[in-house]
Structure formats: structure tokens, C-alpha cells
Amino acid sequence: MKIHEYQGKELFRQAGVPVLEGQMVTTPDEAAAAYDKLGGKIAVVKAQIHAGGRGKGNVIDNPDQKGVVLVKSADEAKAAAAGLLGNKLVTIQTGPEGQTVNRVFVEAGCDIARELYLGIVLDRAASRPVLMASTEGGVEIETVAEETPELIFKEHFDPAVGLDAYQVRKLCKKLKIEGAAAKAAHKFMTAICRFFVDFDCSLAEINPLVITGDGEMIALDAKVTFDENALFRHKDLLELRDLSEEEESEVRAANAGLSYVKLEGNIACLVNGAGLAMSTMDIIKYHGGQPANFLDVGGGANAQQVTEAFRILLSDPNCKGVLVNIFGGIARCTTIASALIEAGKEVGFSVPLVVRLEGTEVEEGRKLLEESDIDVITATDLTDAAKKIVAAVA
Ligand code: ADP
Ligand code: MG
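Cut-offs used in this document
Residues numbered from 1 in each chain as written. Chains lettered and ligands numbered in written order. Predicted model: local features only at pLDDT ≥ 70, side-chain atom pairs only at ≥ 80, totals over all residues. Heavy atoms only, no water. Phe/Tyr/Trp six-rings, centres within 6.5 Å; stacked < 30°, edge-to-face > 60°. Helix = DSSP H or I, 4+ residues; strand = E, 2+ residues; numbered from the N terminus. Buried < 20%, exposed > 50% of the residue type's maximum accessible area, 1.4 Å probe, protein only. Donors = N, O, S within 2.8 Å, 3.2 Å for Na, K, Ca; no water. Core = buried A, V, L, I, M, F, W, Y, C linked by side-chain atoms within 4.5 Å. Polar contact = N/O pair within 3.5 Å; in protein donor to acceptor, adjacent residues only side chain to side chain. Contact = heavy atoms within 4.5 Å. Pairing = 2+ DSSP bridges. Axes fitted to C-alpha atoms, helices over the stretch in contact; angles between N-to-C directions. UniProt positions renumbered as here; feature names shortened; annotations may be inferred.

> Provide a residue-level description of the packing of aromatic side chains, including the pertinent values.
This structure, assessed with the given rule, holds 4 aromatic pairs. Judged by centre distance (6.3 Å) and plane angle (35°), the rings of Tyr 6 and Phe 105 are tilted. Pair noted here: Tyr 6 is in helix α1 (residues 5–14) and Phe 105 is in strand β8 (residues 104–108), with a separation of 99 residues, a long-range link. In this pair, the class of Tyr 6 matches that of Phe 105, namely buried. With a centroid separation of 5.3 Å and 90° between ring planes, the pair formed by Phe 310 and Phe 349 is classed as edge-to-face. Linking Phe 310 in helix α9 (residues 303–314) with Phe 349 in the loop between α10 (333–347) and β19 (353–359), this pair joins segments that are 39 residues apart in sequence. A relative accessible area of 0% means that Phe 310 is categorised as buried. Phe 349 sits in the buried class, given a relative accessible area of 18%. Three or more aromatic residues joined by ring pairs form one cluster here, namely Phe 12, Phe 195 and Phe 199.

Right, dumping it as C-alpha cells:
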């Protein structure tokens, strides 16, 4: 689960990670008031969307309206907010269609001496979180990783112990942080590592992490993602969820208890079991097709869930065909076949449908499909199914 920058910064503040004063607002007038409240000096108006690259991104059809704007008066703050709110911001992470800005963050301006990068992720290979830091802050870290990976410094740490003082000293040396800033780095880095562990994050990224003229270390940006599997023990975090930022079909699927991830291809897949869903996607690709989604209806899927799954699959404008690949173990083939027929009646299959059924009550399931009005291309096994659906959408 992703959250907004202003929400991440509020959590940082509580965790002892230094951030600047700021206020989230939803109208231009509130932005002007927030500017005055900050003391009327330099401030920054920042679009709040779940995507980075806002500083370089701009509003659709308005190249002058950037996603991060430096302002020097209440009127400028108001104008910046008016230019962003309700409009679509396009950044390298949003795709060309952009993302609507519903909230802006008015934050105190910062006296930036240096811009660094800091990020924490879980390194699955090492079974530990890893802190990554770089002198190359403020720019695309992906580019740094590709072109000058030697400028990214890594320290793994034990989640139970946190980042050790000697590790901070090592990093400071490599990042050329000295004096007051080195002391600030110790407080900052240990606090952010503890935050990452305490909140079960899958990502905590601060780009840029700045050192001010006074040697303070401040998080100027905050990108935080929580591990959804651990959210049950952080119930208070759930209210930070902003569904308007999430893929609508994925939210619908989650509400129906389905595991669904939207992808770029045109062959929709309905499968039971995550492993079978993965191999179905693989075999579609192997035969030259592109899956439109990952969808696991689960072992014990009922008719309502399967019908909702078809509604979601067929509402994707990219969908040019559907491949149903079911192994009836707990979910019987008859249940799936009935749901298929039900969904066919309700939403109508305007695209080719290939079905491969196997397992419990398979004969009865096939019979139900044959006797129904829906046009089904039946397949005998996985390869046959993949070839048939790829041919059908070609
Ligand atoms: P994004 O990563 O989405 O582009 P950032 O929060 O990193 O957004 O902001 C982009 C740039 O704007 C930063 O690299 C920094 O140079 C500048 N910036 C952001 N917040 C402030 C601030 N409070 N004061 C001064 N400059 C800022
Ligand atoms: Mg940034």
C-alpha cells in the first residue's frame, strides 16, 4: 500500500526523522492560508499523487505548471495550487494519461546545501533490509544504478538490532559527510531504519535527502510503501489509504477477495491458484501472446466471485480474448462452468473464450458449457489452450 508524501512525512516526524513544517490542503484559498501560517517566506507547493518525478512533470497541456512549485507569496501559493488541483499531472511514473491532483502539500522552503539519495528496501536474497545511499540525490536513482552503480553505497542491517553506529560512520565517509552533518546523519539514518522495520515497510525512499546550510539533515521527499501482508497489525495505517490513486479494477478485485494485477497485454486470464496463474502467463508468453492480467480466483472460489472476476476482466478495454484455466480441486469445475454461463448472460462474451477445465466434476462442467449458449473454444491441456487463445486474438 502506497501513501502520499505528506502522510509519510507525518509518520517520519513521529518517528524522529527530521522533516520540514507543512500542511496538506485541497483548495487554492487554503494553500494561501497555509503559506501565511508557515511564516510568509519561501515555500513550496507540491502536488500529492502516488507517483514520483513531480518536480520535472507538468500538468497536461500546460508545460509551465510543474508538480513542485517554489512560491514567495500567498498569491503565488494560491496560483500554484489552482494550477494543480483538479488537473492531471504527467510525470515519468504516471504514464501519458497522467494522474489527477486532489491534494497539494504546502511546505516550508529549504536552504539546500547538498542533495543525497537514501532508500531502504527488503533484500530478499540476503533476507535482510538494505539501506542504500548515494551522493547522486535529486536525480533518477535508476539512471545512477545503471550508469554509475559504484556511487550507490549499501548497508544491510539486522531488523532486530537496526543500523549500527559503525555502519553510519562507513556511509558518512563514502558520502563525504562530516562535522555537524555526520551527527545529524546518525540520528537520521538510525531513525529511518527503525521506522522501516516498525511499520513493516516494503519501501522507504527519500530523494532528495538534503543537508542544509546549517548541517541539518532533512527528508525533502518521502516515498513510503507498506507490505500489505502486514497491514493487519497496523490497522491505523489503513485510514491513510487513498483509493482514488489506485487502479480501480484492482480495488474491485480486492473487495471480492480475488488476487488480481492488471498488466499491459490483451489476453485476460482467469485461473485458480497463484502457481497455475503464473505458469498460465508464462505459457501465453511462450506462445507469443501477452497476458492482460494476473488473476487467481483462489481455491474455494464461489459463483459470485467468478462472475465478478469476469466483469473485471471484460471491463478492460485492452481485453481481446479470455483464457480460463481451472484445475478443479476445492473449487469444482461445475461451479466454474455455471459462473461462466452466468457471467456470459450478464456481461456477454464479445471476445473469444478458451476454456481448459480439469479435475473434480470436469465431465459435468464440460457438459454444462456445451449445453449453454456461450461460444466456448475448449482446450485439452495448457499448451493447447495457450495456442488457441493466441491464435484467437491474433
Ligand atoms: P519528485 O521526486 O516527485 O520530483 P520531490 O519532493 O523530490 O518530488 O521534489 C522535487 C525537487 O524539488 C527536489 O529535488 C528539490 O530540489 C525541490 N524541493 C522539494 N521540496 C522542497 C522544499 N521544501 N524546499 C526547497 N526545494 C524543494
Ligand atoms: Mg523526489
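Next comes the rest of the description.
> Please set out the coordination of the magnesium ion (ligand 2) residue by residue, giving values where relevant.
For a metal bound by four donors in a tetrahedral arrangement, the ideal donor-metal-donor angle is 109.5 degrees, while six donors in an octahedral arrangement ideally sit at 90 or 180 degrees. Here the magnesium ion (ligand 2) is held by the protein donor atoms Asn 207 (O) and Asp 221 (OD), which lie 2.1 to 2.2 Å from it. Linking Asn 207 in strand β12 (residues 201–212) with Asp 221 in the loop between β13 (217–219) and β14 (223–226), this pair joins segments that are 14 residues apart in sequence. Of the two residues examined, Asn 207 and Asp 221, each falls in the buried class.

> Before we move on, could you go through the nonpolar core and cite the residues and values that matter?
Counting residues in each nonpolar core, the largest one holds 41 residues, and the members touching the most others are Phe 12, Leu 118, Leu 131, Phe 188, Met 189, Ile 192 and Phe 226. When contributions to this core are tallied by element, the ones reaching two or more residues are α1, β9 (112–123), β10 (128–134), α5 (165–175), α6 (180–198), β12, β13 and β14. Looking at this core element by element, the count peaks at 9 residues for α6. With 33 residues, the next largest nonpolar core counts Val 324, Ile 326, Cys 333 and Ile 374 among its residues.

> Please provide a residue-by-residue account of the side chain of Thr 94, values included.
Position of Thr 94 relative to the elements: it lies in the loop between β6 (88–90) and β7 (99–100). Taking the relative accessible area as the measure of exposure, Thr 94 reaches 7% and is therefore buried. Among the polar contacts listed, one links the side chain of Thr 94 to the backbone nitrogen of Thr 91, at a separation of 2.9 Å. Those residues within four positions of Thr 94 in sequence are excluded, and the remaining contacts are Ile 49, Ala 51, Leu 89 and Gln 99.

> Let's hear about the sheet that holds strand β3 (residues 58–59): which residues, and what values?
Strand order in the open sheet formed by 4 strands is β4-β3-β6-β7, with antiparallel pairing between adjacent strands. The sheet is open, and its two borders are formed by β4 (62–66) and β7, each paired with just one other strand. Where β3 meets β6, 2 bridges bridge the pair, whose relative direction is antiparallel. Considered in β6, the bridge of Val 59 is made with Leu 89. Set on the sheet, helix α3 (residues 74–84) makes contact with β3, β4 and β6; between it and β4 the angle comes to about 125°.

> Could you give an account of the UniProt feature "binding site: substrate" (unreviewed entry) in the protein, naming the residues involved and the relevant values?
Annotation from UniProt places "binding site: substrate" (unreviewed entry) at Asn 272, Gly 329, Ile 330 and Ala 331. Over a stretch of 60 residues, the named residues converge on one spot in the fold, their C-alpha atoms separated by at most 9.8 Å. The residue Gly 329 is located in the loop between β18 (321–328) and α10 in this model. Assignment of secondary structure puts Ala 331 in the loop between β18 and α10. With residues up to four places along the chain from it excluded, the contact list for Ala 331 reads Asn 272, Gly 299 and Ala 301.

> Talk me through the sheet that holds strand β5 (residues 68–71); I want residue IDs and the actual numbers.
Spatially, the 4 strands line up as an open sheet ordered β1-β8-β2-β5, and their pairing is antiparallel. Unpaired on one side and paired on the other, β1 (22–25) and β5 mark the two borders of the sheet. Between one strand axis and the next, the sheet turns through 20° on average, direction left out of account. The pairing of β1 with β8 spans 4 bridges and is classified as antiparallel. Pairing of Gly 22 across the sheet is with Glu 107, part of β8. On top of the sheet, helix α2 (residues 28–37) reaches β1, β2 (43–47), β5 and β8; it is set at about 170° to β1, its chief contact.

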